[in-house]
Amino acid sequence: MSLSSIRTQLLLYLALVGGIALAAGIMAIVNEQVRQNHLHSEREGYAIANIAQGSMNRALRYELSTAADEILLEINTNRRVRNAFNVSKNGTILRVSNAHQWNLIDTPIFAQLPALKEELLQQALASNIIIFDTEHSNDSYAVYVPVTAISQELGRAVQQLLFFEYEHRINWQAAVFERRETIFIAIAFFSLLFLLLMLFLQRGISYPVEQLNAAIGKLERGELIDKIPVKGATELAQLARSTEKMARERFRIEHRIKLLSSALEQSNEGVLITSLEPKIEYTNRALLKSTGYTEQELIGKNPSIFGSAKTPKAIYTKMWQTLLAGKPWTGELKNRRKDGSEYSELQTISPVRNEQGKITHYLSIKQDISEQKQIQERLHFLAYYNHLSGLPNRLSLMEQISALLPKKLPNSDYWLILLNIDRMKRINDARGYDYGNTVINAMAKRLQNFLTHDVYLAHTGADNFACFVKFPKTGKNALEKANDFAWELKQLVEQPLDIYGERVQLTMSLGLANLTASASAEDLFRQAETAMHRVKEKGGSEVAIYNQDDGEQAESLFGLERDLYYAVENDQIEMYLQGQFAPNGQLLGAEALARWQHPTEGMVPPDQFVAIAERSDLIIALDRLMLRQAAACLAKWQQRDLQWVLSVNISPRFFRSKQLKTELLNIFNAANADLRGLVLEVTERLFIDDMQEVINQMVSISELDIQFALDDFGTGYSSLAYLQRLPIHELKIDQSFTRGLPKNHRDVAMVKMITAIARNLDLRIIAEGIETREQNEYCQREHVNMQGYYFDRPAPEYEWQRKWLKP
């Protein structure tokens, strides 16, 4: 028997109610017995108290102390009496009921019996009435009996109290035992009544309900119901007849619906059929699956059940105008599923006509396009917003500027301000890219909080931001307003940031350009970027406004950089040599110098194209090219057993390469040249970042018998500490110190100091820029090697070889 069946539930409910009624009856019987027992105990206690009161009054009146003691003893002999005392008016014990309690005489009774109630004691004395305290304890009454004694001094009556506790150990177990026959009769009566009620409920309710339930079950399974076996004129019998009628009507309706749904049920797209009201009359499985509703929840409901209130009203207005005109409508709606999630839907609604051509229903084909919309929105976000900060990106900024160009307001002035965080790479190197991203996000939020609606803020990539600002053409001229705004913005963004509890101080480089001077958004951005790069080249943390000269210079440098790439890739950079000489004029070797003969610009100064190369990885390709040419030159010298050395400049970027040692071996092995004749010239800029890394690299390369020369010593990061630690072999004195020799005392002092340092460290010395006889004679006196125009001008390798190599 199932617990969910109505028969079981009726049985359980009836049993529960009967059990409660039976328990209540038994409890009433037991309580009545307990009450009667209490009344009996009270009557017996009152009888003892009345007798004791009369006896004690006579004994006390005639001052029969012995008789009073015997009365107490007699009371105490009762099996239910305990703790009998004669007490004075103030509660002092005057007599006790047995010899074991004599020590309690003249002590307060309240100390011996804490449960004794003083207010009842006083009430008994005042009223001269026996008081029964039925709440004294669980197993006894407290009996307060007022008595009267004669005062010995004055001969007048004195109030006293006779107190005793009367036990009444009556509990429910005893009461049950005493009323056991009555209880048995009650149980038998209730059991018989329970069986009679169960029989009535089974025939009048349970069976009809079970038959109705079975019929409905058949109806749910699609089985035909012929007759429900419930007879009579009761409400359940009427319900059975109504159910039979409903079943026949349902089969008729289902047959019609199946004719429609068989063609639509297998569709992957949601299908909905509504009446003209409109109310939903049919849904297919695809629609139920996509919306989360059941068919029962939708049938008969208005299709607005899917609405999210986010579809513009104009769309619904257009939809109904089209449908009421008898035409199909297609459009996009924003709807909501049963769980509250929203989705985008492409819907086509077509009128359904009967044989007379009258519109009777609407057929709606629904396609969930949420995924396509999400992909479109994601693609749009990736295309127009920076994924790190969520700000508009460079493309979005360009479109914003381009959209403004045709309709630029005559009373407004527009400026583009580019901002770049200086030395962001150091933060990434020191703390990692996650920390660096947090810094960039903090900067983005600060800019958002500062800027107003007249500023279009964009995150154009990495550590670069842009502000497109509109200024009204009033008051100050546009240049002043833009400059003031940029400096105010710079001051704001350079305030310290709190990153994970750490104070981070940043500086910013800002470049400005005015829209009126630009032909396009790209031109404006390029001009602002050119101005910003001018700030970066000067060390950053400044504001620069674009001018025409910046653009021309940038165009020239861009052209040179483009041509330099071609020149390096096609070996158009030529190696020139300049000799290095001992004080006695002996040729010691040469320095390899890169020279670029531009096809249209002529000879490009080395400091110009090398600076261009150093701004990109092109410097590494240039270093490799020079090393290959130097290896070929050294191979020729070594074939003639010449002990000359060849100095080659190497950039800090290439020097720090982990593959430098391997590349040197490969290049010189390919040329069959010995590395022993190679001197790598490095500048003091190399030692700014990581000294230990530089030392480790030098030591590793020195294992190949390659020597190192410190070029332009004294002009940069000069320190005796690093000279002592570095494995260098040669110091080259910069020509800025040799130019004034021997007349300029400062230059003389500097050269003497450098030579003293070099000799103490056992290093070779070469003085650069020796161009006069006096400079030569001074170096000879100081025993310093020399390099300069006085001995040899830089020349192409083939010319230099022809000049200094003997045939």
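Heads up: these notes are all about the structure in this document. Keep in mind the model is a prediction, meaning the values are calculated, not measured. (Residues numbered from 1 in each chain as written. Predicted model: local features only at pLDDT ≥ 70, side-chain atom pairs only at ≥ 80, totals over all residues. Heavy atoms only, no water.)

## Notes on the overall build of the chain
Here is step 1 of the chain: Counting its regular elements, the chain contains 27 helices and 27 strands.
Here is step 2 of the chain: In the chain, buried positions account for 43% of the 807 residues.
Here is step 3 of the chain: Long-range pairs, those at least 24 residues apart, make up 58% of the contacts in the chain between residues at least 6 apart in sequence.
Here is step 4 of the chain: Total accessible area computed for the chain in this model is approximately 44,700 Å², and 53% of it derives from carbon and sulfur atoms. (Helix = DSSP H or I, 4+ residues; strand = E, 2+ residues; numbered from the N terminus. Buried < 20%, exposed > 50% of the residue type's maximum accessible area, 1.4 Å probe, protein only. Contact = heavy atoms within 4.5 Å. Areas by Shrake-Rupley, 256 points an atom, 1.4 Å probe, with all protein chains shown as cover.)

## Overview of helix α27 (residues 797-804)
Helical geometry: 3.6 residues make up each α-helical turn, so side chains three or four residues apart lie on a common side.
Here is step 1 of the chain: Regarding α27, the residues found buried are Glu-797, Trp-800 and Gln-801. End-on view of α27: buried residues confined to an arc of 100 degrees, all on one side of the axis. When the buried face of α27 is taken as reference, the exposed residues oriented beyond 90 degrees from it are Tyr-798, Arg-802 and Lys-803.
Here is step 2 of the chain: Here the buried face of α27 lies against β18 (573-581), β19 (587-598), α19 (618-639) and β27 (795-796). (Arc of directions from axis to C-beta.)

## Observations regarding the packing of helix α13 (residues 424-431) against helix α14 (residues 433-450)
Here is step 1 of the chain: In contact at an axis separation of 7 Å, α13 and α14 are set at 135 degrees when each is read in the N-to-C sense. When the axes of α13 and α14 are compared, the pair comes out oblique. Side by side, α13 and α14 meet where Met-424, Ile-427, Asn-428 and Arg-431 of the first sit next to Tyr-433, Tyr-435, Gly-436, Val-439 and Ile-440 of the second.
Here is step 2 of the chain: A class-by-class count of the residues in the contact of α13 with α14 yields six nonpolar, two polar and one charged. (Axes fitted to C-alpha atoms, helices over the stretch in contact; angles between N-to-C directions. Parallel < 35°, antiparallel > 145°, perpendicular 65-115°, else oblique. Nonpolar A, V, L, I, M, F, W, Y, C, P; charged D, E, K, R; others polar.)

## Some details on the environment of Lys-289
Here is step 1 of the chain: Tracing the sequence through the fold places Lys-289 in helix α8 (residues 285-291).
Here is step 2 of the chain: Accessibility expressed as a relative area gives 76% for Lys-289, which makes it exposed.

## So, the pattern of salt bridges
Here is step 1 of the chain: In the structure shown here, the tally under the stated rule is 28 salt bridges.
Here is step 2 of the chain: Residue Arg-336 is joined to Glu-342 by a salt bridge in which the shortest nitrogen-to-oxygen separation is 3.4 Å.
Here is step 3 of the chain: The class of Arg-336 is partly exposed, set by a relative accessible area of 28%.
Here is step 4 of the chain: A relative accessible area of 28% places Glu-342 in the partly exposed class. (Salt bridge = Lys/Arg side-chain N within 4 Å of Asp/Glu carboxyl O.)

## Thoughts on the packing of helix α12 (residues 394-404) against helix α16 (residues 521-537)
Here is step 1 of the chain: Here α12 crosses α16 at 120 degrees, and the two axes come no closer than 9 Å. It follows that α12 is oblique to α16 by the angle criterion. Two secondary-structure elements touch here, α12 through Arg-394, Leu-397, Met-398, Ile-401 and Ser-402 and α16 through Ala-521, Glu-522, Leu-524 and Phe-525.
Here is step 2 of the chain: Looking at side-chain class alone, the contact of α12 with α16 contains six nonpolar, one polar and two charged residues.

## Here's the deal with the sheet that holds strand β6 (residues 270-275)
Here is step 1 of the chain: With respect to topology, five strands assemble into an open sheet ordered β7-β6-β10-β9-β8, the strand pairing being antiparallel. The open sheet has two edge strands, β7 (280-283) and β8 (329-336), and neither has a second partner. Going from strand to strand, the sheet's axes swing by 30 degrees on average, the running direction of each strand aside.
Here is step 2 of the chain: Together, β8, β9 (342-353) and β10 (359-368) form the strand contacts of helix α10 (residues 313-324), whose direction differs from that of β8 by roughly 140 degrees. (Pairing = 2+ DSSP bridges.)

## Notes on unusual backbone geometry
Here is step 1 of the chain: Pro-278 follows Glu-277 through a cis peptide bond whose omega is 0 degrees.
Here is step 2 of the chain: Checked against the element boundaries, Pro-278 lands in the loop between β6 and β7.
Here is step 3 of the chain: The step from Leu-741 to Pro-742 runs through a cis peptide bond, and the omega angle for that step is -5 degrees.
Here is step 4 of the chain: Relative to the helices and strands, Pro-742 is located in the loop between α24 (735-738) and α25 (745-760).
Here is step 5 of the chain: One non-glycine residue, Tyr-500, adopts positive backbone phi at about 55 degrees.
Here is step 6 of the chain: The topology assignment puts Tyr-500 in the loop between β14 (497-499) and β15 (502-504).

## Considerations on a nonpolar patch on the surface
Here is step 1 of the chain: A cluster of nonpolar side chains, Phe-189, Leu-193 and Leu-197, forms an exposed patch at the surface whose accessible area comes to about 270 Å².
Here is step 2 of the chain: Note that Phe-189 resides in helix α6 (residues 180-220).
Here is step 3 of the chain: The exposed category is assigned to Phe-189, whose relative accessible area is 52%. (Patch = residues over 30% accessible without salt bridge, like charges linked within 9 Å, V, L, I, M, F, W, Y side chains within 5 Å.)

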